Amino acid sequence: MGFPANGAASDKPLKFLIYGRTGWIGGLLGKLCDSQGIEYAYGSGRLEDRSSLEADIAGVNPSHVFNAAGVTGRPNVDWCESHKVETIRTNVVGTLTLADVCREKGLVLINYATGCIFEYDAGHPLGSGVGFKEEDTPNFTGSFYSKTKAMVEELLKNYENVCTLRVRMPISSDLSNPRNFITKITRYEKVVDIPNSMTILDELLPISIEMAKRNLTGIWNFTNPGVVSHNEILEMYRDYIDPNFTWKNFNLEEQAKVIVAPRSNNELDSSKLNQEFPEMLPIKESLIKNVFKPNQKTAKT
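Presented here is a report on the structure given in the accompanying data block. Note that the structure is a prediction, hence the values are computed from the model and not measured.

## A closer look at the pattern of salt bridges
What the rule picks out here adds up to 15 salt bridges. Between R263 and D78 there is a salt bridge whose closest N-O contact spans 3.0 Å. In this pair, R263 is assigned in the loop between α9 (252-256) and α10 (271-276) and D78 in helix α3 (residues 78-82), connecting sequence segments 185 residues apart. With a relative accessible area of 13%, D78 lands in the buried category. Between E276 and R214 there is a salt bridge, with the nearest N and O atoms lying 2.9 Å from each other. Placement of E276 in helix α10 and of R214 in the loop between α7 (201-213) and β6 (218-221) is noted, with a sequence separation of 62 residues between them. Its relative accessible area of 29% is what places E276 among the partly exposed residues. It is possible to trace a salt-bridge network through shared partners that takes in R50, E54, D100 and E104.

Shown next as structure tokens:
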């Protein structure tokens with residue numbers, strides 16, 4: 001079984017096997033490996049097909065496996081409400097099968113999961129600065145997508161070879177990408193304005209590669225420190241990108257009428273990640289440095 005100890009550096013040369021070639025995070029991971037000179041291959045097996053995963057691992061002989069595959073639904077998680085079996089097949093059966101095969105082969109699996117399994121509650125009120133910690137029990141089951149993600153996280157806790165990264169509302173400097181949270185909200189007719197924890201991929205994806213090198217396992221809130229609201233992001237968008245940009249707000253009751261499944265709003269406590277990576281920037285600073293400055297089109301007054 002011999003796994004490297006949690007936090008111990010790898011001894012064999014790095015070679016990553018990545019699932020999710022056609023996905024946003026999977027594609028970015030390949031580019032990062034290219035830029036860092038890390039050898040990698042994309043898995044061609046289907047997650048729920050055990051023998052195809054075993055064939056991938058035998059063929060690639062990786063040092064680490066990354067799972068950026070999974071069903072989020074198109075155009076959004078509402079899809080999962082009407083495709084429950086397909087959602088289970090990939091997000092539950094598939095993810096568990098991959099974790100199990102990796103364990104059998106003595107491999108650490110870096111699993112990009114979600115932090116959309118919590119919502120503000122009495123113990124973690126909106127605006128309080130009290131975030132959900134890694135060991136807290138998920139309390140958001142509003143969408144079928146989130147429900148399956150919470151189930152699989154609970155089961156994966158038992159796999160000592162898995163590093164679960166709770167990603168939230170991912171943002172990248174590629175503002176043309178329709179999956180980018182900023183791109184999404186700039187295109188919405190109306191937006192709710194709620195502070196949330198978010199993940200700046202340009203800053204945090206390289207950290208996930210570093211986590212693999214350190215063989216870190218367990219659950220990690222994979223978000224930049226602090227929260228940012230929809231309006232704060234749209235104000236930055238207006239200031240840096242498009243001075244004529246305007247938007248309309250509506251409340252949760254109004255939003256509920258145009259979406260099938262409720263959406264999670266929460267603050268995650270990222271102090272565990274921050275302790276391991278003290279150079280991590282707070283969310284608003286990271287947004288400016290990694291997303292808005294590189295895309296700046298207007299002279300900041």
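## Details of the environment of N67
Following the sequence through the fold, N67 ends up in strand β3 (residues 64-67). The class of N67 is buried, set by a relative accessible area of 1%. Between the alpha carbons of N67 and T95 there is a distance of 7.8 Å; along the sequence they are 28 residues apart. Discounting residues that sit within four places of it in the chain, N67 has contacts with Y19, L47, T95, L98, L109, I110, N111 and Y112. A distance of 2.9 Å separates polar atoms of two side chains, one belonging to N67 and the other to N111.

## Remarks on the pairing of strand β4 (residues 108-114)
The buried fraction of β4 is high, at seven of seven residues. Along β4, one buried face is formed by V108, I110, Y112 and T114 and the opposite face, lined by L109, N111 and A113, is buried too. Direction of pairing for β3 relative to β4: parallel, over a ladder of four bridges. Bridge pairing in β4 places H64 opposite V108.

## Quick word on the environment of L268
On the secondary structure map, L268 appears in the loop between α9 and α10. Separated by 48 residues in sequence, L268 and W220 have C-alpha atoms that sit 9.9 Å apart. Apart from residues no more than four positions distant in its own chain, L268 is found in contact with G115, F118, G131, F132, R166, R168, S197, N221 and T223.

Cut-offs applied
Residues numbered from 1 in each chain as written. Predicted model: local features only at pLDDT ≥ 70, side-chain atom pairs only at ≥ 80, totals over all residues. Heavy atoms only, no water. Salt bridge = Lys/Arg side-chain N within 4 Å of Asp/Glu carboxyl O. Helix = DSSP H or I, 4+ residues; strand = E, 2+ residues; numbered from the N terminus. Buried < 20%, exposed > 50% of the residue type's maximum accessible area, 1.4 Å probe, protein only. Contact = heavy atoms within 4.5 Å. Polar contact = N/O pair within 3.5 Å; in protein donor to acceptor, adjacent residues only side chain to side chain. Pairing = 2+ DSSP bridges.

By themselves, these observations are geometric and do not establish any function.
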